[in-house]
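Now for the letters of each chain:
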Amino acid sequence: MLLFYPGMESTHTYTTQLSLMQVALNANNNRTIVFTPHIESDGSISDFSLSLVSKGSMAFFDHDPTGKTVSEVLPDAAYQVEILSKVFRTGKTNSWAKSYELPDSKTHWFDVTDSKTDGHVVRVWENTTERRRSEQEASQISISRTEEKYISLFNALDQGFCTIEVLFDENKHPYDYIFLQYNPAFELQTGLVNARGKRMRELYPAHEQHWFDLYGEIALTGKPKTFEQKAALIDGWYEVSAFAVNAEENNTVAIIFNDITARKKAEEARNVFNSLLEKEVQERTASLNVANSLLEQKIDELDKSNRELESFTYIASHDLQEPLRKIQTFLTLIKQRQDQPELIEEYMTKIFSSTERMSKLITDVLTFSRVAAERQSAKTDLNAVLTNVLIDFELAVSEKEAKVYSDTLPSLNAVSLQMHQLFSNLISNSLKYAIEKPVITITSKIITENGRPMAQIIFEDNGIGFEPKYADQIFRLFKRLHGRSEYQGSGIGLSTCKKIVEQHGGTISARSTYGNGAAFTILLPY
């Protein structure tokens, strides 16, 4: 045949080679088929004829298909025509494998190679069923041995291990799972016995939905997860590692887990302890801050007391000694001039004046020192306080033809006697430093200062006033802006006002310009 041996030189050679080909084709182990294309007028290939079929190939068909078409003898004719056409058109050899069910009702596997030769396609094929079966059996043995190793390993684990099949509804929502395999530690970790082949909701109906959701997600996505989760099953916690096993085929998930309830309880106890410790530290810190604040307050009070003590020392060394020196001097002069009655009377007048000033100074010092001791406060009507103060100054107000105007004043929680002393000192100041008929105006309103309500009371007068630079100095103990020859006083009155106001948790300030009166603003808690 020129099909296989073109260009033969002699009839003898051709006959000899043809005989050899026939022998080869008739060999039982030769599995060759030669296909000839049916080419239509438009150049398309509609089918292939089986032009030459070896004896070994006939066993596949269970008859001699020579001369018949692919469409007549092969069940997958369309596929066969397609792949034969591709080889015929491209000239590229194609090797492939496929399984067929033969007349013995068994599935057989075939390895096939198609190649183009002259105007035909030659197919050489081999039945690889037995080889594949042997390979599968060997692979299965290997898998079984591997599984045995893994089963031995998982059986030796202290952690629980199991494989489950996740069950989904028609909406791919996981609603349960079936236990497939598990190790001995599984029963110890879960308390579930004889679980193989049973559903979780059958064994424990109260099992939480989030477990099904977690394992369902792993089965669908194939993504492993490691997590810690609370479980009602053991009234505790599990540490879990889960991964999909052929999830695309059977929704199987393998799970390794461990009961970590003891650790979680220890962590919870530690957190509670840390919380209590932190709370105690905060409370102690707060107490310490309060103590430090009180200490600072006491230090401030001590500093004030020290400054007052320095001022008292000044009194003892100067203000009180000065009238005493005068008294001593005049007594000496009286003794020397006993024969001069007129001078003696003059000296006695000056001695009396000095004793009055000394008495007034001692009274003011005692008043100032008593402010710190008097701390018993009560609801005090400042209108009543003002009324009583004006009664005390009734004569002075009348003599100076003074006018006093006042708003309705509030009632405060205060030491009544100290409020009396505060109002008395301020009105006394206004009367003392008047340059014409005194006009004293007292206004009041409730304001908010640093988030808390305060009563604002302002005493204004039309007196001589003072330079603004002295607005702070006038509240210092024994600080005088004028000599005794101009205005009487000990320099204690406004210091006493400041001490009273501060002891009540308030402030006092002054503003003025010389010759235009003064205004004293008091803020007290309302």
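Residues numbered from 1 in each chain as written. Predicted model: local features only at pLDDT ≥ 70, side-chain atom pairs only at ≥ 80, totals over all residues. Heavy atoms only, no water.

**A short note on the packing of helix α13 (residues 382-392) against helix α15 (residues 416-432)**
This is how the line gets drawn: Inter-axis angles, ranging from 0 to 180 degrees, are taken between N-to-C directions of lines fitted to C-alpha atoms, where helices are fitted over the stretch in contact. Helix and strand definitions follow DSSP, with helices as H or I runs of at least four residues and strands as E runs of at least two, each counted in order from the N terminus. In this scheme, roughly parallel covers angles under 35 degrees and roughly antiparallel covers those over 145, while 65 to 115 is roughly perpendicular and the rest are oblique. Crossings are sorted by hand: turned counterclockwise from the far helix by less than a right angle, the near helix makes the crossing left-handed, and turned clockwise it makes it right-handed. Two residues qualify as a contact provided that any one of their heavy atoms is within 4.5 Å of a heavy atom in the partner residue.
At a minimum axis distance of 9 Å, the contact between α13 and α15 shows a crossing angle of 50 degrees. Considering their axes alone, α13 and α15 lie oblique with respect to each other. Considering the relative orientation of α13 and α15, their crossing is right-handed. Mapping the contact onto sequence places Leu382, Val385, Leu386, Asn388, Val389, Leu390 and Asp392 in α13 and Met419, His420, Phe423, Ser424 and Ile427 in α15.

**Details of the packing of aromatic side chains**
Applicable threshold: Any two of the Phe, Tyr and Trp rings considered here, Trp counted by its six-membered ring, make a pair once their centres fall within 6.5 Å; the pair's planes then place it as stacked at under 30 degrees, edge-to-face at over 60, or tilted in between. Think of it as a cone above the ring: NZ of Lys or CZ of Arg counts as a charge over the ring if it is within 6 Å of the ring centre and within 35 degrees of the ring normal.
Under the criterion given, the structure shown has 14 aromatic pairs. Following the ring pairs from residue to residue traces out a cluster consisting of Tyr177, Phe179, Tyr182, Phe186, Trp211, Phe212, Tyr215, Phe227, Tyr238 and Phe257. Positioned above the aromatic ring of Tyr182, the side-chain terminus of Arg196 is 4.6 Å from the ring centre.

**Remarks on the pattern of salt bridges**
Counted only if it meets this: Should a side-chain nitrogen of Lys or Arg be within 4 Å of a carboxyl oxygen of Asp or Glu, the pair is scored as a salt bridge. Only protein chains enter the calculation, and the probe is 1.4 Å; a residue is then buried if its accessible area is under 20% of its type maximum, exposed if over 50%, and partly exposed in between.
Under the definition given, this model contains 15 salt bridges. For Glu267, the salt bridge identified is with Lys264, shortest N-O distance 3.9 Å. Of this pair, Glu267 and Lys264 both sit in helix α10 (residues 261-319), three residues apart, which is roughly one turn of the helix. On the accessibility criterion, Lys264 (18% relative accessible area) is buried. For Lys498, the salt bridge goes to Glu502, with nearest N and O atoms at 2.8 Å. Of this pair, Lys498 and Glu502 are both found in helix α16 (residues 493-503), four residues apart, which corresponds to roughly one turn of the helix. Overall, Lys498 belongs to the partly exposed group, its relative accessible area being 29%. A network of salt bridges, in which partner residues are shared, links Asp111, Arg131, Arg132 and Glu135.

**Notes on the side chain of Ser424**
Mapped onto the secondary structure, Ser424 falls in helix α15. Apart from residues no more than four positions distant in its own chain, Ser424 is found in contact with Val389 and Phe393.

**Overview of a nonpolar patch on the surface**
Under the convention used in this document: Residues enter a patch when their relative accessible area is above 30% and they make no salt bridge; the linking distance is 9 Å between like charges and 5 Å between nonpolar side chains (Val, Leu, Ile, Met, Phe, Trp, Tyr). Note on areas: these come from Shrake-Rupley sampling with a 1.4 Å probe, and a residue is covered only by the protein chains present in the view.
A grouping of Phe273, Leu277 and Val281 is seen on the molecular surface, where their side chains present a nonpolar patch of about 280 Å² in accessible area. Within the fold, Val281 resides in helix α10. For Val281, a relative accessible area of 44% puts it in the partly exposed group.

**Some thoughts on the side chain of His108**
Rule in force here: Polar contact criterion, stated in full: a pair of N or O atoms within 3.5 Å, where within protein one must be able to donate a hydrogen and the other to accept it, and residues adjacent in sequence count only if both atoms are side-chain atoms.
With respect to the helices and strands, His108 occurs in strand β4 (residues 107-117). Here His108 falls in the buried class, since its relative accessible area comes to 14%. For His108, the side chain forms a polar contact with the side chain of Asn127, separated by 3.3 Å. Non-local contacts of His108, meaning those with residues more than four positions away in its chain, are made with Lys98, Ser99, Tyr100, Leu102, Asn127 and Thr129.

**A look at the packing of α15 against α16**
Quick reminder of the rule: Polar here means any residue other than Ala, Val, Leu, Ile, Met, Phe, Trp, Tyr, Cys and Pro, which are nonpolar, and Asp, Glu, Lys and Arg, which are charged; Gly is therefore polar.
Relative to each other, α15 and α16 sit at 145 degrees, their axes nearing to 9 Å. For the crossing formed where α15 meets α16, the hand is left-handed. Side by side, α15 and α16 meet where Gln418, Met419, Gln421, Leu422, Asn425, Leu426 and Asn429 of the first sit next to Gly493, Leu494, Thr496, Cys497, Ile500, Val501 and Gln503 of the second. Of the residues belonging to the contact of α15 with α16, the class tally is seven nonpolar, seven polar and no charged.

**Description of the nonpolar core**
This is how the line gets drawn: Here, nonpolar core means buried Ala, Val, Leu, Ile, Met, Phe, Trp, Tyr and Cys residues that are tied together by side-chain atoms lying within 4.5 Å of each other.
Among the nonpolar cores identified, the biggest contains 35 residues, and Leu422, Phe423 and Ile522 are the most heavily contacted of them. Counting only elements with at least two residues in this core, the list comes to α13, β13 (411-414), α15, β14 (439-449), β15 (452-460), α16, β16 (507-512) and β17 (518-525). Core analysis: the next-biggest nonpolar cluster, separate from the first, contains 26 residues, Phe179, Leu192, Ala242 and Ile255 among them.

**Some details on the pairing of strand β5 (residues 120-127)**
Note the cut-off: At least two bridges found by DSSP between two strands is the condition for calling them paired.
Where strand β1 (residues 32-39) lies against β5, four bridges are found, and the strand directions are antiparallel. Across the sheet, Phe35 pairs through a bridge with Val121, a residue of β5.

**Side note on helix α8 (residues 209-221)**
For an α-helix, 3.6 residues make a turn, and residues three or four places apart therefore share a direction. Stated precisely, the cut-off is as follows: Multiplying 1.5 Å by the residue count of a helix minus one yields the expected span of that helix.
The end-to-end C-alpha separation of α8 is 18 Å, in line with the 18 Å expected for 13 residues at 1.5 Å each. Looking only at α8, the buried set comprises Trp211, Phe212, Leu214, Tyr215, Gly216, Ile218 and Ala219. Immediately downstream of α8, the backbone of Gly222 shows phi near 75 degrees, a positive value.

**With respect to the sheet that holds strand β3 (residues 94-101)**
Pairing in this open sheet of five strands is antiparallel, and the strands run β2-β1-β5-β4-β3 from one edge to the other. Pairing within the sheet leaves two strands with one partner each, and these edge strands are β2 (45-53) and β3. Strand-to-strand twist across the sheet, computed as the mean angle between neighbouring axes with direction ignored, equals 30 degrees. Pairing of β3 with β4, which is carried by eight bridges, proceeds in the antiparallel orientation.

**Describing the sheet that holds strand β7 (residues 174-182)**
The antiparallel open sheet is built from five strands, whose spatial order is β7-β6-β10-β9-β8. This sheet does not close on itself; its edge strands, each paired only once, are β7 and β8 (225-231). On average, each strand axis in the sheet is tilted by 35 degrees relative to the strand beside it, whichever way the strands run. Direction of pairing for strand β9 (residues 236-245) relative to strand β10 (residues 252-259): antiparallel, over a ladder of eight bridges. Residue pairing for β10: Ala244 is matched across the bridge by Val253. Where α8 meets the sheet, it contacts β6 (160-168), β7, β8, β9 and β10, and its direction lies at approximately 165 degrees from that of β8.

**Section: the confidence of the model for the protein**
The predicted coordinates should not be examined in detail at positions where pLDDT is low. The line we're drawing: As a per-residue measure, pLDDT reflects the predictor's confidence and takes values from 0 up to 100.
For the protein, per-residue confidence averages 83 on the pLDDT scale, and 83% of positions sit at 70 or higher. Overall, residues 1-8 carries pLDDT values under 50, and its contacts beyond four positions in sequence, including any with other chains, amount to 20 contacts. Confidence drops under a pLDDT of 50 for residues 482-487, and excluding neighbours within four residues, the segment shows ten contacts in the predicted structure.

**Side note on the environment of Thr190**
Among the structural elements, Thr190 can be located in helix α6 (residues 184-190). For Thr190, a relative accessible area of 11% translates into the label buried. Spatially, the C-alpha atoms of Thr190 and Ile234 are 6.7 Å apart, while their sequence positions differ by 44 residues. What Thr190 contacts, discounting residues up to four positions off in sequence, is Leu233, Ile234, Tyr238 and Phe257. In terms of polar contacts, Thr190 uses its side chain to reach the backbone carbonyl oxygen of Phe186, at 2.8 Å. At a separation of 3.1 Å, a polar atom in the side chain of Thr190 contacts the main-chain amide nitrogen of Leu192.

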